[in-house]
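The residues making up each chain are set out below.
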Amino acid sequence: MQPASLARVHNAVRSVFSSRPRAVSFALSAGLLLPACGSGVGSGPLLATSAWRSGVLRPAISATYPYGDDLRDLMGPTTRRRVDSVGAGTDHFMIPSFQLPVEDQLDAGSCLYMAGTGILEWLINEKKAITSPQINGVTDLSERYLLTLASRISLQNNFTDVVYLFQDAGAYVLDPDLRFAKQDGSTMVNWTPVDEQALPRHTDLPAFGRKVLFTSNGDSHANGVMNDDDLATIKSALRSYASPVLFVFHPPTVNWWHADIIVGYDDAKQVFYTRDSAFGAKRADLPLYGYGTATTADDDSYLGIYELSYAGAKAWGNHASVYYLED
Ligand SMILES: [Ca+2]
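These numbers were taken from a predicted model, which means no experiment stands behind them.

## Concerning the overall build of the protein
Here is step 1 of the chain: Within the protein one finds 10 helices and 13 strands.
Here is step 2 of the chain: For the protein, with 327 residues in total, the buried portion stands at 45%.

## Some words on the environment of Gln270
Here is step 1 of the chain: Of note, Gln270 is situated in the loop between strand S9 (258-266) and strand S10 (271-275).
Here is step 2 of the chain: For Gln270, a count of 13 C-beta atoms within 10 Å puts it in the partly exposed group.
Here is step 3 of the chain: C-alpha of Gln270 to C-alpha of Asp91: the two residues are 179 residues apart in sequence and 9.6 Å apart in space.

## Structural notes on helix H5 (residues 111-127)
An α-helix turns once per 3.6 residues; consequently, residues spaced three or four apart project the same way.
Here is step 1 of the chain: Taking 1.5 Å per residue, 17 residues should reach 24 Å; H5 reaches 24 Å between its end C-alpha atoms and fits that length.
Here is step 2 of the chain: The buried count for H5 comes to 16 of 17 residues, which makes it a mostly enclosed element.
Here is step 3 of the chain: Trailing H5 by a residue or two, Ala129 shows a phi angle of about 55°, which is positive.

## Side note on helix H9 (residues 228-241)
Here is step 1 of the chain: Counted at 1.5 Å a residue, the expected span for H9 with its 14 residues is 20 Å, and the 20 Å between its end C-alpha atoms agrees.
Here is step 2 of the chain: Those residues of H9 that sit buried are Ile234, Lys235, Ala237, Leu238 and Tyr241. For H9, the arc enclosing every buried residue in end-on projection is 155°, short of the 170-degree limit, so these residues lie on one face. Facing away from the buried side of H9 by more than 90 degrees, the exposed set consists of Asp228, Asp229 and Ala232.
Here is step 3 of the chain: Residues of H9 that are buried in the fold lie against strand S2 (92-94), strand S7 (208-215), strand S8 (245-249), S9 and strand S13 (317-325).
Here is step 4 of the chain: One or two steps after H9, the chain reaches Ala242, where phi turns positive at roughly 50°.

## Describing the environment of Leu165
Here is step 1 of the chain: By the element assignment, Leu165 lies in helix H8 (residues 164-169).
Here is step 2 of the chain: Separated by 52 residues in sequence, Leu165 and Tyr113 place their C-alpha atoms 9.8 Å apart.
Here is step 3 of the chain: Ignoring anything within four residues of it in the chain, the contact list for Leu165 reads Gly116, Leu146, Leu149, Ala150, Ile153 and Leu155.

## Quick word on the nonpolar core
Here is step 1 of the chain: Among the nonpolar cores identified, the biggest contains 76 residues, and Ile119, Leu165, Leu238 and Val245 are the most heavily contacted of them.
Here is step 2 of the chain: No other element matches H5, which puts 10 residues into this core.

## Details of the confidence of the model for the protein
The predicted coordinates of low-pLDDT regions are not to be read in fine detail.
Here is step 1 of the chain: The predicted model of the protein has a mean per-residue pLDDT of 81, with 73% of residues at 70 or higher.
Here is step 2 of the chain: Ignoring residues within four places in sequence, the model shows residues 1-35, a span with pLDDT below 50, making 38 contacts including any to other chains.
Here is step 3 of the chain: Every residue in residues 39-64 scores below 50 in pLDDT, and together they form 45 contacts with partners more than four places removed in sequence or on other chains.

## Description of the environment of Asp267
Here is step 1 of the chain: Mapped onto the elements of the fold, Asp267 is located in the loop between S9 and S10.
Here is step 2 of the chain: C-beta crowding within 10 Å serves as the criterion here: with 13 such atoms nearby, Asp267 is assigned to the partly exposed category.
Here is step 3 of the chain: Residues Asp267 and Asp91 lie 176 residues apart in sequence; the distance between their C-alpha atoms is 5.2 Å.
Here is step 4 of the chain: When residues no more than four places from it in sequence are discounted, the contact partners of Asp267 are Asp91 and His92.

## Focus: unusual backbone geometry
Here is step 1 of the chain: In this model, Leu106 sits at a positive phi of 50°, which is unusual for a non-glycine residue.
Here is step 2 of the chain: Along the chain, Leu106 turns up in the loop between strand S3 (102-103) and H5.
Here is step 3 of the chain: When the 23 C-beta atoms within 10 Å are taken as the criterion, Leu106 is described as buried.
Here is step 4 of the chain: With a phi angle near 55°, Asn217 is a residue other than glycine that sits in the positive phi range.
Here is step 5 of the chain: Note that Asn217 resides in the loop between S7 and H9.

## A look at the pairing of S8
On a regular strand, each side chain points to the face opposite its neighbour's, so the side chains alternate between the two faces of the sheet.
Here is step 1 of the chain: Within S8, 5 of the 5 residues are buried, which leaves the element mostly enclosed by the surrounding structure.
Here is step 2 of the chain: Neither face of S8 is left uncovered, since the one carrying Val245, Phe247 and Phe249 and the one carrying Leu246 and Val248 both have all their residues buried.
Here is step 3 of the chain: Taken together, the 5 bridges between S8 and S9 define a ladder with antiparallel strand orientation. Its bridge partner being in S9, Val248 is matched across the sheet by Ala259.
Here is step 4 of the chain: Judged from the 5 bridges that link them, S8 and S13 form a sheet pairing that is antiparallel. What sits directly across from Phe247, in S13, is Ala320.

The rules behind each value
Residues numbered from 1 in each chain as written. Predicted model: local features only at pLDDT ≥ 70, side-chain atom pairs only at ≥ 80, totals over all residues. Helix = DSSP H or I, 4+ residues; strand = E, 2+ residues; numbered from the N terminus. Buried ≥ 20, exposed ≤ 12 C-beta atoms within 10 Å, placed from the backbone. Expected span 1.5 Å × (residues − 1). Arc of directions from axis to C-beta. Contact = placed C-beta atoms within 7 Å. Core = buried A, V, L, I, M, F, W, Y, C linked by C-beta atoms within 7 Å. pLDDT = per-residue confidence, 0-100. Pairing = 2+ DSSP bridges.

And the structure:
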């Protein structure tokens, strides 16, 4: 990609941040810090975030689960099922509408866990054939619970494996039972592990598989490593699996990296459709999300789709994995 077009892509993302009236947006657009999604995952300088410095985030202490080396996962089935033909074509496609919106992660830097939770929500909804999943409903899972799991379970590659945290724990928790919280105006409190034993946990996890479509082996800061064939692989996987793709990317001019869920694409617009916990469009059609505080002044919109340009995805992407129900 030419530098000029890279700059245009970057400016497009920058404009999203800059247009958002909150302190962290200013910090990001000013290039000061802070990883939008750097806290507590991967390796390198982002571990020196405020969460680590303040001791809020605890290092994981359990064994590492070797999903990243699982040859079967890396290979995966070639295709999973017949493509949903409704509104589908090779030049555009949307996976079935099992996806819930997500509360805004605000300053938490928790994108990977918002995306991981969203993928399990999608898989459960598909398993139960719930095509109009309801916020606060029986398949609206707690994102904060996944953050707690991440505090005690290590994965070989967070950026391809994160959904397996649920499988390792053997349970999920519903959002109304553990809200994504705000405390003193910040959502960083979500990195503080909660007492899992005190929560109503649900153990009816669906059996799922995963195929790694692209990996930078745990380097969430890699960029310039994907090419057009890799984008074609993602698009092909969306069609053939008709399932969500966990995607991780890092624009080279910023300190943060980011994760979201690819749910479709459109060649005419040259975009992937992603469900995104930071850049997603505000869902004005839904009630606001309550962050568990005493005042509704802290409430904020659920977020939905963000259009990630092919140019941005190719220049910035470093991990892509499709998750699917095991039949
Ligand atoms: Ca949720």
